[in-house]
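# Reading the structure
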Amino acid sequence: MRKLVVIVAAGVLSVGVLLAAKSHAPKMDAQRIRQHVKYLSSDALEGRGTGQKGGDAAADYIAAQFKSYGLKPAGENGTYFQSVPLVGVKTLPETSFALVPASGEPLVLRNLDDFVTSNETQTASAEIDAPIVFVGYGIAAPEEKWDDYKGYDLKGKVALLFVNEPISDDPNFFKGKALTYNGRWTYKYEETARRGAVATLIIHRTDLASYGWDVVRNSWGGERSYLKLDGTPKLEAASWIQEEVARKLVGMAGLDLDKLFQQAQSREFKPIELPVRLKAHVVSALRPFSSRNVVGMVEGCCYGKVEAVLYTAHYDHFGIDKSKPGDNIYHGAIDNGTGCGILLEIARAWGATKPVPVRSILFAAVTAEEQGLLGSEFLGKHSLELPSDPILDLNYDALAPIGVPEEVEVSGAERTTFYPTVEKMAEVLNLTIRPDAHPEAGHYYRSDHFSLSRVGIPSFSIGQGRKFDGHDLAWGEAQAKDYVDNRYHKPADAFREDWNFAGLAKMASFGYALGGVTATQSVDIRWLHGDEFEEAWYRSHSGGLDIDALFGGHPEFKPVHFEGIRYPPLAQQTRISGTVEAHVTVASDGRVSEVKILKGHPLLVEAVENVVKKWTFVAGAERSFDLKCDFLVADEPLTTHRRYSFVVEPFHLRVVAEPRTIETSTTSSKPH
Ligand SMILES: [Zn+2]
C-alpha cells in the first residue's frame, strides 16, 4: 500500500512537528520584500488606484512575479487574473428626501446635512414612497437568540434602525464589549435588503458609530464603488440620517427616540410601523468599470490538491488625485505595499518548496479593498471557481517595516480550531500573541480576511503587534500613533530608505509555517461552535448538496448543522466503491444519537459515520431514518470537484470522486 503523506492525527500538533516545520522552512529574504514595497509605492505606480493605470500596472507586476516563481495561473482562461466588475455610484445633488406624516406638513431633508444616501441597485434614478418601520438594531442572530424582526415582513418598506448592537458586558452575549458583525453598518444594509426593504435609514449617533457626522458626510458625499449586481438583494436608498432628524421623525409618530433606544435593548423588541412615509427621489451618476484580482497557485500533490491554503493581500490604494497640487500620489507604501511584498516572498518560497505539499497553496493579491473590500468579496463569492477549495486564509495588511517584532497579532484566529496550532507556532518563533486592543471597534470586519470568513473559510490577518526588539512598548505605540495620525490614507504613506524589513521577513516566515502545517498535516480547521461564521462554514461544506431535497417532505429532519459526506481519500486512491446503509437515530435535542451501520466497506462506513454523527436537526421527538450512500469513482474528471455529492432521492445520496492518476514522483515524499 502507498505511504500517505498525511500522517498526524487531527488535533493540536506537537511542538516537534512544528519545530520540524520551522527547520524545513526556506529563509525569507527581507531585501526582496523591500524591493517589492519600493517599486509598488513608487511614483511610477501612481498610488495603485482601482480602475486607474497604476492599479493595473501593479496587478501586472504581481502576476509577472508569480510567473517567475513557477506558480500556476489560477484565474480565468489560464491567466493569473480574475476580473472584478465594479460600478461607481455617485449620488447627485438633485436627490431629495421628505418625511411625510399621515396628517400635517412633510419634513423636507437636506442632502448631506440631514442625510446621505446611495443607490445600491445601480440605477440612475429611483422613486421611493413607502412606510417607515423602526426595527431596533435590525439584527437577526440565531447564535445570540436575538431577532428584532419577529416575523415582520419588510418587503417594500423603509427600515429605520440604530447602528451597533445591544449593549453588553457579558462575553457570552454579542461578545460583550467586542463588536460582532451584526453591529456594523454594512450588516444593517445587507440584512434589511435581504428582507425586502427598499430603503434603510441608519440613525447616526457619534457614540454608537465611533465617528462624527463629518466622516459619514465625507465618505458618502463622493462616488462609492460596488460590485456589479450579482443577484444579492440591494437597497435603492442605503442611508444615514442625523440623530436630530431621527428625533423629529419618531416625534411625528408621537414617539421618543431615547425610549425607542431603550426598547431596542430587549429580546422582546418588536418592529414598530410609524405613521410616516419616506418620499425619496434618488438620482445617481453610474460609472461601470473593471479591475482585477491576481491569483496564482502551487498545486498540491495527489488527492490533497482539492483543498488549499490561501494567502491574501490587497494591492490597491487610493491612486492619484490630480485635483491636488504637490505630492498627490497616495503611495500606500505601508498600506499595502508591505502586505504585497510579504505575499510575494511567501509565494516565492512556496514556489521553491520541494517536495510540493499535499494541499495546494493559493495566492490572491486583491483589488478594491479601499473601496469596501470589494476585490476580496468577489474572490469569496467566486471561491468555487478557484482550482482548489481554500480551507484557511492568511491575510496581510499594512505592516510597518520598523524593526523586528516580538509580538504577533492574529485577531480572529482564537475563534477557530486552528488557534492552538497558531499559539504553538508563535512560541516556536518566539512571538507573543497580542490580543486585539480595541475589539469594540470591529477591526476584524474591516480587512480582506473578513470577505473569506463570511463565506465560511476560517480567516485572519497576521500583524506585528507593538513590542519590537531593542525598544520598549511605548516606542511601538508611538510609532503606531504617528502612522495613524500622519500617514494613514495620506500621500505621506511613502517608502523610506531607512526602513528595516527584517520584521516583515519574520512575519512572512510565520505565515509560511502556518500554511505549511495546514498544507501538509491532517488538520480540521473550522469555526468554534456558536461562532457567527459557523453556519457559513457548514453551508460551504455541504459539497454543493441540495439539503432540502435530501430531507424532502420531512420537516422533522430540517437540519440545523450539516456537512457533506466526502469520498475518503484512501478509498478514492485504491478505487474502493460501494454502498453504505445506516440507520440514524435523532435524539429529542436534534443531535444524532446513533448511527447504526447496516452494510458497507469499512473505509466508506467510516466516512459516513464521522460526518453523520455531527449532523443536527431541529429539536422535537426522538426520530430515525435510513440513509443510503453510494460511493462511486467517476470515469472522467469532474467538471468541478466541489459538486461531489448528489441527492438520488430522499435519504439517498451519491458521493462521486474524480479518478486519480498515479503520480509516483509526488507521492513518494517522506512524512516529516
Ligand atoms: Zn489596507
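Since we're looking at a predicted model, the values are computed, not measured. (Residues numbered from 1 in each chain as written. Predicted model: local features only at pLDDT ≥ 70, side-chain atom pairs only at ≥ 80, totals over all residues. Heavy atoms only, no water.)

This structure, assessed with the given rule, holds 43 aromatic pairs. On the numbers, 5.0 Å between centres and 80 degrees between planes, the contact of Phe173 with Phe174 is edge-to-face. Classification of Phe174 as buried rests on a relative accessible area of 0%. Note on Tyr181 and Phe450: the rings are 4.6 Å apart at their centroids and 50 degrees apart in plane angle, and the pair reads as tilted. On the criterion of sequence distance, the pair formed by Tyr181 in the loop between β9 (158–162) and α4 (185–194) and Phe450 in helix α12 (residues 449–453) is long-range, its members being 269 residues apart. A single burial state applies to Tyr181 and to Phe450, both of which are buried. Members of the aromatic cluster, connected to one another through ring pairs, are Tyr181, Tyr187, Tyr444, Tyr445, Phe450, Trp527 and Phe533. Over the ring of Phe81 we find Arg292; its NZ or CZ atom is 4.1 Å from the centre of that ring. (Phe/Tyr/Trp six-rings, centres within 6.5 Å; stacked < 30°, edge-to-face > 60°. Buried < 20%, exposed > 50% of the residue type's maximum accessible area, 1.4 Å probe, protein only. Helix = DSSP H or I, 4+ residues; strand = E, 2+ residues; numbered from the N terminus. Lys NZ or Arg CZ within 6 Å of the ring centre and 35° of its normal.)

Below, the discussion takes up the coordination of the zinc ion. For the zinc ion, the full set of protein donor atoms is His314 (NE2), Asp335 (OD), Asp397 (OD) and Asp397 (OD), and the range of their distances to it is 2.1 to 2.8 Å. Around the zinc ion, the 4 donor atoms sit at angles spanning 51 to 149 degrees, and that spread fits a shape best called irregular. Each donor residue of the zinc ion belongs to the same chain, and together they define the spacing H-x20-D-x61-D. Placement of Asp335 in helix α9 (residues 333–351) and of Asp397 in the loop between β18 (389–395) and β19 (407–408) is noted, with a sequence separation of 62 residues between them. What makes Asp335 buried here is its relative accessible area of 4%. (Donors = N, O, S within 2.8 Å, 3.2 Å for Na, K, Ca; no water. Tetrahedral: all angles 85-135°; square planar, octahedral: opposite > 155°, others 65-115°.)

Before going further, it helps to examine the sheet that holds strand β24 (residues 592–599). Here 5 strands make up an open sheet; going across it, the order is β24-β23-β26-β28-β27 and the pairing mixed. Edge strands, defined here as strands with exactly one partner in the open sheet, are β24 and β27 (645–649). Going across the sheet, the axis of each strand differs from the next one's by a mean of 25 degrees, ignoring polarity. (Pairing = 2+ DSSP bridges. Axes fitted to C-alpha atoms, helices over the stretch in contact; angles between N-to-C directions.)

Turning to the pairing of strand β26 (residues 623–633), a few remarks are in order. Where strand β23 (residues 578–586) and β26 come together, 9 bridges link them in antiparallel fashion. Within β26, the position partnered with His583 by the bridge is Asp626. With 6 bridges connecting them, β26 and strand β28 (residues 652–657) associate as parallel partners. When the bridges of β28 are listed, Leu632 appears paired with Val656.

Turning next to helix α14 (residues 502–520). Between the first and last C-alpha of α14 there are 27 Å, a value that for 19 residues agrees with the 27 Å anticipated at 1.5 Å per step. Burial of α14 is extensive: 16 of the 19 residues sit out of reach of the surface. (Expected span 1.5 Å × (residues − 1).)

In this section: empty space enclosed by the protein. The final tally for this structure, using the stated rule, is 1 cavity of 30 Å³ or more. What the largest cavity holds in volume is close to 30 Å³. Residue lining of the largest cavity: Thr91, Asn111, Leu112, Val116, Thr117, Trp220 and Gly221, and that is the complete set. Among the elements of the structure, β5 (115–118) and α6 (213–221) are those that each provide at least two residues to the lining of the largest cavity. Grouping the constituent residues of the lining of the largest cavity by class yields 3 nonpolar, 4 polar and no charged. (1 Å grid on protein atoms, 1.4 Å probe; cavity = no way out; pocket = protein on both sides within 12 Å on 5 of 7 lines; lining within 4 Å. Points joined across faces, edges and corners; volume = space filled by probe spheres on them. Nonpolar A, V, L, I, M, F, W, Y, C, P; charged D, E, K, R; others polar.)

If you trace the backbone, Thr232 turns up in the loop between β11 (224–227) and β12 (237–242). Note: C-alpha distance between Thr232 and Ala193 (39 residues apart in sequence) is 8.6 Å. Within the structure, the side chain of Thr232 is placed 2.6 Å from the side chain of Asp230, a separation counted as a polar contact. Polar side-chain contacts of Thr232 include one of 3.2 Å to the side chain of Lys381. (Polar contact = N/O pair within 3.5 Å; in protein donor to acceptor, adjacent residues only side chain to side chain.)

Right, let's get into the pairing of strand β6 (residues 125–134). The element β6 is largely enclosed, with a buried count of 7 among its 10 residues. Bridging between β6 and strand β13 (residues 272–298) involves 9 bridges; their strand directions are antiparallel. Within β13, the position partnered with Ser125 by the bridge is Val283. When β6 meets β9, the two strands line up parallel, connected through 3 bridges.

Now for helix α10 (residues 374–381). One turn of the α-helix equals 3.6 residues, which is why residues spaced by three or four share an orientation. With 7 of its 8 residues buried, α10 lies for the most part within the structure. Its buried side turned inward, α10 meets β2 (81–91), β11, β13, β14 (307–314), β17 (360–366) and α12. (Contact = heavy atoms within 4.5 Å.)

The next subject is the pattern of salt bridges. On inspection of all chains with the given rule, the structure shows 44 salt bridges. Note that Arg247 and Glu243 form a salt bridge whose closest N and O atoms lie 3.1 Å from each other. Highlighted residues: Arg247 and Glu243, both in helix α7 (residues 243–252), separated by 4 residues, approximately one helical turn. Using a relative accessible area of 23% as the deciding quantity, one classes Glu243 as partly exposed. Two residues, Arg348 and Glu345, come together in a salt bridge whose shortest N-O distance is 2.8 Å. Linking Arg348 with Glu345, this pair stays in helix α9, spanning 3 residues, or about one helical turn. (Salt bridge = Lys/Arg side-chain N within 4 Å of Asp/Glu carboxyl O.)

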